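Given next are the chains, with one letter for each unit.
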Amino acid sequence: MIALKMEDIRLFTSRLFVGEAFDSWLVREATIVTFNTFTIDGHTRRGFFSEEEMEAEKIGELSSWRQLRPFCYSLIRGKKLPESFRITLQLSPENVEKFLKSISPGFTAGQIAGLYLDIRYENLTLHCVSGTSLNMFTLDKQIEQEWDGAVRRYMKTLRLPYVEE
């Protein structure tokens, strides 16, 4: 786990809420505090969609950031800054497979419960915290270390300056 303090909050929030940089990620949950506290559970309500819609749109257990981004953006846009927000993103199963292929053939996607990016804005600072959850017990920290490195590289690819804390 690493904590990155984002140096350019305006650039980061623009990439997050306006751009498509995080659209392939899944949303575990989001809480946005403005004049009220708005909480979004990213778990898809299966009864809302028909089987055909679920197949055609490849709707899974969690909603994508692409689907929820417009709603979240509508909550924060305006003249006043939000008091805070916290968005927990999870790497999609397809991207977990790609990540594992790039680092180690010894792990399988079934052993990974989730690879996370927790985005927290409060007190005029924005932090991104990486996290991992495994479906097995291991003393090996390779997955965590590789995921931390992948998060650092992702921020650099997006040209988002940060300081590691």
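Here's a quick rundown of the structure. (Residues numbered from 1 in each chain as written. Predicted model: local features only at pLDDT ≥ 70, side-chain atom pairs only at ≥ 80, totals over all residues. Heavy atoms only, no water.)

### What to know about the packing of aromatic side chains
And then number 1: Here the structure, examined in full by the defined rule, presents 10 aromatic pairs.
And then number 2: Between Phe22 and Trp25 the ring centres are 6.4 Å apart and the planes differ by 50°, which places this aromatic pair in the tilted class. In this pair, the class of Phe22 matches that of Trp25, namely buried.
And then number 3: Residues Trp25 and Tyr154 carry aromatic rings whose centres are separated by 5.9 Å and whose planes lie at 55° to one another, so their mutual orientation is tilted. Of this pair, Trp25 sits in the loop between α1 (9–17) and β2 (26–33) while Tyr154 sits in helix α5 (residues 142–157), placing them 129 residues apart in sequence.
And then number 4: Put simply, the rings of Phe12, Phe22, Trp25, Phe99, Trp147 and Tyr154 pair up and form one aromatic cluster. (Phe/Tyr/Trp six-rings, centres within 6.5 Å; stacked < 30°, edge-to-face > 60°. Buried < 20%, exposed > 50% of the residue type's maximum accessible area, 1.4 Å probe, protein only. Helix = DSSP H or I, 4+ residues; strand = E, 2+ residues; numbered from the N terminus.)

### A look at the sheet that holds strand β7 (residues 162–164)
And then number 1: Pairing is antiparallel in the open sheet, where 7 strands are placed in the order β3-β2-β4-β5-β6-β1-β7. The sheet is open, and its two borders are formed by β3 (37–41) and β7, each paired with just one other strand. Strand-to-strand twist in this sheet, taken as the mean axis angle between neighbours without regard to direction, amounts to 15°.
And then number 2: Bridge count between strand β1 (residues 3–6) and β7: 3 bridges; the pairing is antiparallel. Of the residues in β7, the one forming a bridge with Met6 is Tyr162.
And then number 3: Helix α3 (residues 65–76) contacts β2, β3 and β4 (84–90) of the sheet and is inclined by roughly 5° relative to β2. (Pairing = 2+ DSSP bridges. Axes fitted to C-alpha atoms, helices over the stretch in contact; angles between N-to-C directions. Contact = heavy atoms within 4.5 Å.)

### What to know about the nonpolar core
And then number 1: Grouped together as the largest cluster of nonpolar side chains are 41 residues, with contacts concentrated most on Phe12, Phe22 and Ile119.
And then number 2: Excluding residues within four positions of it along the chain, Phe22 makes contact with Phe12, Arg15, Leu16, Trp65, Leu89, Leu117, Tyr154, Leu158 and Leu160. (Core = buried A, V, L, I, M, F, W, Y, C linked by side-chain atoms within 4.5 Å.)

### Considering the pairing of β2
And then number 1: Across 7 bridges, the pairing between β2 and β4 is antiparallel. Of the residues in β4, the one forming a bridge with Leu26 is Gln90.
And then number 2: Two elements, β2 and β3, share 5 bridges in a ladder whose sense is antiparallel. Residue pairing for β3: Ala30 is matched across the bridge by Ile40.
And then number 3: Here β2 folds back onto β3, and the loop between the two strands holds 3 residues.

### Quick look at a negative patch on the surface
And then number 1: Residues Glu51, Glu52, Glu53, Glu55 and Glu57 make up a contiguous surface patch of negative charge.
And then number 2: Under the relative-accessibility criterion, Glu57 is labelled exposed at 52%. (Patch = residues over 30% accessible without salt bridge, like charges linked within 9 Å, V, L, I, M, F, W, Y side chains within 5 Å. Areas by Shrake-Rupley, 256 points an atom, 1.4 Å probe, with all protein chains shown as cover. Salt bridge = Lys/Arg side-chain N within 4 Å of Asp/Glu carboxyl O. Lys, Arg positive; Asp, Glu negative; His and termini not counted. Charge placed at Lys NZ, Arg CZ, Asp CG, Glu CD.)

### Here we look at the pattern of salt bridges
And then number 1: Within this structure, the stated rule accounts for 5 salt bridges.
And then number 2: Close ionic contact of Asp23 with Arg66 constitutes a salt bridge, the shortest N to O distance being 3.9 Å. Taken as a pair, Asp23 in the loop between α1 and β2 and Arg66 in helix α3 lie far apart in primary sequence, 43 residues in all.
And then number 3: Taking relative accessible area as the criterion, Arg66 reaches 52% and is therefore assigned exposed.
And then number 4: With its nearest N and O atoms 2.4 Å apart, the salt bridge here joins Asp118 to Arg120.
And then number 5: On the accessibility criterion, Asp118 (7% relative accessible area) is buried.
And then number 6: Given a relative accessible area of 33%, Arg120 falls into the partly exposed group.

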